[in-house]
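# Coordinates in review
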Amino acid sequence: MLRCIVLLGPPGAGKGTQAHLVAKKMGLIHISSGDLFREHLHNNSALGQQARVFIDRGELVPDDLTISMVRERLSLEDCQTGALLDGFPRTPTQAEALAEVLEDLGGEVVSVPYISVPTDVLIARLSGRWTCKAAGHIYHELLNPPHKAGICDHDGSELFQREDDKAETVKRRIQVYLDQTEPLIEYYKDRCLLVQVDGDQSIKQVTESLYQALDSSESL
């Protein structure tokens, strides 16, 4: 049976890092919705061509196209041992569609770990990032500060903060995620699939917590 894990977490929770680590440890195929889109666009596939029309207009890609991409990926042979979904589903409607896809493929969602991090911690993680103008070297004022404030260690160029990394923008991103995802969290909680994991720990500790949560759910 195709067993699927859906990993949830707000921006700044380290979801992408954890998805890669957990998938590798557990022998699962890591399916990132962002990577899936980029692959279809790069390969100019039929689905990619349809998606590009909406992307070029600055519109959201319709659910049916996203679901078709996910269905196609999950139907490949390498997913028969299991898959970890990262970035999909984002809404209860998409979750229902995923359940239907998996039922058709003889599978199901077996666990939904949710990496929970306090909002103030997320803001601190995301809004402290600075980038060098010359070559794009990344710094963080708390986690990886430059030796000299405002100056790149590598090339001496000035550091600047991207619009996406400014505190007000970060707050909006986090709030949008929480508003959009809360119904999805409730959806999986109602189905006794949601497992909350404390994301306000080191990367290693979060990874161990995820393993324990998945083991305790007897999902694999």
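This text gives an overview of the structure that appears in the document.

About the thresholds
- Residues numbered from 1 in each chain as written.
- Predicted model: local features only at pLDDT ≥ 70, side-chain atom pairs only at ≥ 80, totals over all residues.
- Heavy atoms only, no water.
- Phe/Tyr/Trp six-rings, centres within 6.5 Å; stacked < 30°, edge-to-face > 60°.
- Lys NZ or Arg CZ within 6 Å of the ring centre and 35° of its normal.
- Salt bridge = Lys/Arg side-chain N within 4 Å of Asp/Glu carboxyl O.
- Helix = DSSP H or I, 4+ residues; strand = E, 2+ residues; numbered from the N terminus.
- Buried < 20%, exposed > 50% of the residue type's maximum accessible area, 1.4 Å probe, protein only.
- Contact = heavy atoms within 4.5 Å.
- Pairing = 2+ DSSP bridges.

## Things to note about the packing of aromatic side chains
Summed over the entire model, instances satisfying the criterion amount to one aromatic pair. Here the basic side chain of Arg 57 rests over the ring of Phe 54, its NZ or CZ set 5.2 Å away from the ring centre. The aromatic ring of Tyr 187 is capped on one face by Arg 191, whose charged end is 3.6 Å from the ring centroid.

## With respect to the pattern of salt bridges
Using the criterion set out here, one finds eleven salt bridges in the structure. Residue Glu 168 pairs with Lys 171 through a salt bridge whose shortest N-O separation is 3.5 Å. Of the two residues, Glu 168 and Lys 171 both sit in helix H7 (residues 167-190), three residues apart, roughly one turn of that helix.

## Points about the side chain of Thr 207
Mapped onto the elements of the fold, Thr 207 is located in helix H8 (residues 203-216). A relative accessible area of 8% places Thr 207 in the buried class. Each residue touching Thr 207, except ones within four places of it in the same chain, is listed here: Gln 18 and Leu 21.

## Side note on the sheet that holds strand E5 (residues 129-132)
Ordered by their spatial adjacency, three strands build an open sheet running E6-E5-E7, and the pairing between neighbours is antiparallel. Edge strands, defined here as strands with exactly one partner in the open sheet, are strand E6 (138-140) and strand E7 (159-160). Bridge count for E5 against E7 is two bridges, and the pairing is antiparallel. The partner of Thr 131 across the bridge, within E7, is Phe 160.

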